[in-house]
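Chain and residue survey
In case you want the letters, here they are:
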Amino acid sequence: MTGEPSPRPADDFEGVADLYFAEIRRYGAKRLGPDAAADVAAQTFLEAFRQRRRYNPERGSVRTWLYGIATKVVGRHHRSESRALRMYARLSPDRDAEEHTERVDARVSAEGLRGELGAAIAALPRGQRDVLLLVALADLSHQEVATALGISYGTVGSRLNRARTRLRKALGGTNPMLTLEEQHG
Amino acid sequence: MDEVQMVREYYPEPAAAPAGEVGRLKALLAEPPRRSRPRLGWGLGGLVVVGAAATVAVTLVGGNTPVPGPVNLNGTGTVLAAAAKAEQQPMGRYWYSREVAGQSYIMRPKTGTYAVTGALGEMFSWSDVRPGAGGQVSSRDLPTRPLTERDAAQWRRAGSPSSFRVWSNDHYTTFTTKATSWQTGGIAPENTRFLDGRSVEDIQRLPTDQAKLTEMFLTHPRLKSKDPVQRIWAEKVQRRVTIDGKLAAVGGFLRNAPVQPKVRAGLMRALAAQPGIHEIGRATDPLGRAGVALASDDRAVTNADEYGVPKAELGTYRYRSVVIFDERTGAVLSSQDELTKPGGPYAEMKPGFVTYYAATLKAGWTDAKPQPPAGLPFD
């Protein structure tokens, strides 16, 4: 993020909350579903508030620090994350649901693939899932992910690669979204 | 498009937060925490205890005795008797208190495991009970030190290190043997807040009746709130769900707040009558002072295997919350968390080991404006 420097947590925690509450809440909503979003956001900021004097600007931005805490909070809700992922798969009609059997084949197969992608994300080891989702949902750089999770730069790269390989495998070794996009132009 | 982009598009964009959520969060953050450590410096926190009995403490503090666990005689009535004494104490214009509080951390050098008290801070605070008058809080960090004389011996065997790298919740931190100077903040009346956001004036208007105090302090409406921000604050920050948390929160209030003598007595009776809180009789506080104690039922804590958590910190232990009162005055000598079943980070410790404490050095009512002391405690 560029522009104005962030408020310092120890000096202006309210400023930090104003700036990042909505974004952290969105991250919580994506990872655990809308019902848990407020919980994740509140727990993240309360935890951050308790730690606010330990925030060290030399180690990374306030935003990175908050995503690290939020990811830890999400980790305490392991089961909800699978539920959220199943729910997202159903945002389009499920391929197995009888009332949808008459839909066109291509559409059905896209929905099925959504379900498989969700299941594959849910099945990732937590360390890989955290890295993948900090990159995909929070747009953190590898260095920022390393700082947020307290792991090395090299570990970020290797976890991300392993996560991608697993997803590719789970989806049959193809890139189904790409294929579908091409089909439907 | 790669897998990362696929994943990005898999997640639907969530609805925006309802209006007011961040505002309520900020309002809660303005309240004092359950454990007001001096280093946090928000709001008045502080201590307690009255008069001459408490001043004796400082000379006993040197860690010359192992921290004893409570003595489990039949304690029935001991805290109630102290409450009757509390009721008769005189009050004055200012409430002041000086306390030390710290967390136990385990050092595991090859020469032998020992415990230190880190995040150790001292706080001096006073409040003026006249309407609108406010108060002041001063705090400083104290040198990290071995918890008991036995720990001090192991510390010397390890070469008397002056810095201590320890695991704290979720990261490594390093404590030193340096003290900081007092930081004093004048506190406007509207910012002088105690448990649940009570002002000095609110506290002067509290009822003395045990049942009413139970409803106000031990049956927390926020716990039933549908608003997650309110609920989480009560649960996670004030720890007001579990019985140990209730005891600790009210014990802290009795240490910190300008509570009038009859209200203090009422709160002590309310605590003693709570299911899950027991009078355990005579006990010795972390500074070596004798008193009478309330203890909560114990509770398990598990340190889960998350990334980065050192192996030695993993596992389950049980602890209870204890509040020790001066039986002559009803003042709180200390609040602490005590190990009841070793395990996890405290696997090498014995039951009764103090994992956290806040102890009053001196406190009481006075008519003269209080001043923070110059010398360090423990010297």
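Residues numbered from 1 in each chain as written. Chains lettered and ligands numbered in written order. Predicted model: local features only at pLDDT ≥ 70, side-chain atom pairs only at ≥ 80, totals over all residues. Heavy atoms only, no water.

Turning our eyes to something else, we now look at the overall build of chain A. Helix and strand counts for chain A stand at nine helices and zero strands. Listing each helix as α and each strand as β along chain A from the N terminus yields α-α-α-α-α-α-α-α-α. In chain A, buried positions account for 54% of the 185 residues. Nonlocal contacts in chain A, meaning residues at least 24 apart in sequence, comprise 65% of its contacts between residues at least 6 apart. Looking at chain A as shown, the accessible area adds up to about 9,000 Å², and 47% of this sits on carbon and sulfur atoms. (Helix = DSSP H or I, 4+ residues; strand = E, 2+ residues; numbered from the N terminus. Buried < 20%, exposed > 50% of the residue type's maximum accessible area, 1.4 Å probe, protein only. Contact = heavy atoms within 4.5 Å. Areas by Shrake-Rupley, 256 points an atom, 1.4 Å probe, with all protein chains shown as cover.)

Summarising the element assignment, E47(A) is placed in helix α2 (residues 34-50). Residue classification places E47(A) among the buried residues on the basis of a relative accessible area of 15%.

As a further point, take the nonpolar core. Inside soluble globular proteins, nonpolar side chains tend to come together where they are buried. Membership of the largest hydrophobic core comes to 57 residues, with the highest contact counts inside it found for F45(A), L66(A), L132(A), L134(A) and Y11(B). The residue makeup of this core includes at least three contributed by each of domain 1 (1-76) and domain 2 (79-185) of chain A. Not counting residues within four places of it along the chain, the set of residues in contact with Y11(B) comprises K30(A), R31(A), L85(A), Y88(A), I121(A), L133(A) and L137(A). With 37 residues, the next largest nonpolar core counts W95(B), F217(B), A249(B) and I277(B) among its residues. (Core = buried A, V, L, I, M, F, W, Y, C linked by side-chain atoms within 4.5 Å. Domains from an automatic or database assignment.)

Before going further, it helps to spend a moment on the confidence of the model for chain A. Residues and elements named next belong to chain A. The predicted model of chain A has a mean per-residue pLDDT of 78, with 74% of residues at 70 or higher. The secondary structure element of chain A with the lowest average pLDDT is helix α9 (residues 176-184), at 40, and the one with the highest is helix α6 (residues 126-136), at 95. Here residues 175-185 is a poorly scored stretch, pLDDT under 50, and it has 16 contacts once near neighbours within four places are set aside; other chains count. (pLDDT = per-residue confidence, 0-100.)

Residue and element names in this part refer to chain B. You can see D128 is positioned in strand β2 (residues 114-128). Residue classification places D128 among the buried positions, given a relative accessible area of 4%. Of note is the side chain of D128, whose polar atom sits 2.9 Å from the side chain of R130. D128 has contacts with R93, Y94, A133, G134 and V200, leaving out every residue within four places of it along the chain. (Polar contact = N/O pair within 3.5 Å; in protein donor to acceptor, adjacent residues only side chain to side chain.)

On to helix α11 (residues 261-273) of chain B, then. Residue and element names in this part refer to chain B. A rise of 1.5 Å per residue sets the reference length of α11, with its 13 residues, at 18 Å; its end C-alpha atoms lie 19 Å apart and thus fit the reference within 8%. For α11, a buried count of ten out of 13 residues is recorded, marking the element as mostly surrounded by other parts of the structure. For α11, every residue scored as buried is listed here: P261, V263, R264, A265, G266, L267, M268, A270, L271 and A272. (Expected span 1.5 Å × (residues − 1).)

Enumeration according to the criterion identifies 14 aromatic pairs over all chains in this entry. Residues Y55(A) and W65(A) carry aromatic rings whose centres are separated by 5.1 Å and whose planes lie at 55° to one another, so their mutual orientation is tilted. Placement of the pair is Y55(A) in the loop between α2 and α3 (62-75) and W65(A) in helix α3, with a sequence separation of ten residues. A single burial state applies to Y55(A) and to W65(A), both of which are buried. A ring pair is formed by Y10(B) and Y11(B), whose centres lie 5.7 Å apart and whose planes are at 90°; its orientation type is edge-to-face. With respect to class, Y10(B) is no different from Y11(B); both count as buried. (Phe/Tyr/Trp six-rings, centres within 6.5 Å; stacked < 30°, edge-to-face > 60°.)

This next bit is on unusual backbone geometry. The general pattern is negative phi for most residues beyond glycine and trans for most peptide bonds. Its identity is not glycine, yet D139(A) carries a phi of approximately 55°, on the positive side. By secondary structure assignment, the location of D139(A) is in the loop between α6 and α7 (142-149). Judged by relative accessible area, which is 51%, D139(A) ranks as exposed. Here S160(B), not a glycine, exhibits a phi torsion of approximately 50°, which is positive. Position of S160(B) relative to the elements: it lies in the loop between α6 (149-157) and β5 (163-168). Residue classification places S160(B) among the partly exposed positions, given a relative accessible area of 35%.

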